[in-house]
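# Working through the structure, step by step
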Amino acid sequence: VQRHLYPHATDREGSTRTMLVETVLVPNRLDSALHAFPEARFMRVVRDTRRTIPSAKSLFHATWKAHGPEIAREDPETSGLASLFLEHCRRLRLFAEGAPYDHCLKVFFKDLIDDPMTEIERIYALLGFGISAMQRARFVDKLARIDTFG
C-alpha cells in the first residue's frame, strides 16, 4: 500500500494528501488521532497473541541487547514489555470496536496468509483506492513468488 500512496501525495498547494502510519506501540493515541483527523482510516491486524507477544519480545530484545548486553531474554524488563503489548492489544480491540465501521478494518492474519489478494483488495477499499488490472497483476505475480508469510 505504501508504494501506492506516494503517487497520491500532492505538493503544499495541492489537494488531499494521504499519509500511511504503521503504529503498534501507541494505541492509547488512536482516539486522539480520530478526533484530530475524522477522515482517518485504521486497519487492525488480528493475530494470535500467543505468537505476537513472543515475536515482539524477541524483536525488542535484539535491539535492547545492542544497548544493554546484560538484559536477559526473560527478565523484569522483557516481562514488563509483554504486559505492555497485551495492554496494547486490548486497547486496539476496544478502539476498533468503538470506531465508525467505515473507518476501521479488521484483518485476520490467517486470512492475510490464506487469501492475501482478497485482503489487499479490502485494505485498498478502506483507503478509497481502486486496484487497476496492472496493479492486480503485479500483486498476483509478487504473491506467487513469496514462499510463506507465517
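Everything here concerns the structure above.
No experiment lies behind these values; they were computed from the predicted model shown.

On to the nonpolar core, then. Core analysis: the biggest nonpolar cluster contains eight residues, these being Leu-30, Leu-34, Ala-40, Phe-42, Phe-95, Ala-96, Ala-99 and Cys-104. Once you skip the residues sitting within four places of it in the chain, Phe-95 turns out to touch Leu-30, Asp-31, Leu-34 and Phe-42.

Looking now at the packing of helix H6 (residues 116–127) against helix H7 (residues 133–145). H7 packs onto H6 with a crossing angle of 140° between their chain directions and a minimal axis gap of 10 Å. Relative to H7, the element H6 is oriented oblique. The crossing of H6 and H7 is right-handed. Along its contact with H6, which presents Pro-116, Met-117, Ile-120, Glu-121 and Tyr-124, the element H7 presents Arg-136, Phe-139, Val-140 and Leu-143. In the contact of H6 with H7, the residues fall into seven nonpolar, no polar and two charged.

Turning our attention to the pattern of salt bridges. What the rule picks out here adds up to eight salt bridges. A salt bridge links Lys-110 to Asp-114; its shortest N-O distance comes to 2.6 Å. In this pair, Lys-110 and Asp-114 are both assigned in helix H5 (residues 109–114), four residues apart and thus about one turn of the helix distant. Lys-110 gets classed as exposed once you look at its relative accessible area, which sits at 56%. The partner of Arg-145 in a salt bridge is Asp-141, and the shortest N-O contact between them spans 2.9 Å. Here Arg-145 pairs with Asp-141, and both are found in helix H7, just four residues apart, close to one helical turn. Within this structure, Glu-87, Arg-90 and Arg-91 form a network of salt bridges that share partners.

Calculation notes
- Residues numbered from 1 in each chain as written.
- Predicted model: local features only at pLDDT ≥ 70, side-chain atom pairs only at ≥ 80, totals over all residues.
- Heavy atoms only, no water.
- Core = buried A, V, L, I, M, F, W, Y, C linked by side-chain atoms within 4.5 Å.
- Buried < 20%, exposed > 50% of the residue type's maximum accessible area, 1.4 Å probe, protein only.
- Contact = heavy atoms within 4.5 Å.
- Axes fitted to C-alpha atoms, helices over the stretch in contact; angles between N-to-C directions.
- Helix = DSSP H or I, 4+ residues; strand = E, 2+ residues; numbered from the N terminus.
- Parallel < 35°, antiparallel > 145°, perpendicular 65-115°, else oblique.
- Left-handed = near helix turned anticlockwise from the far one by under 90°.
- Nonpolar A, V, L, I, M, F, W, Y, C, P; charged D, E, K, R; others polar.
- Salt bridge = Lys/Arg side-chain N within 4 Å of Asp/Glu carboxyl O.

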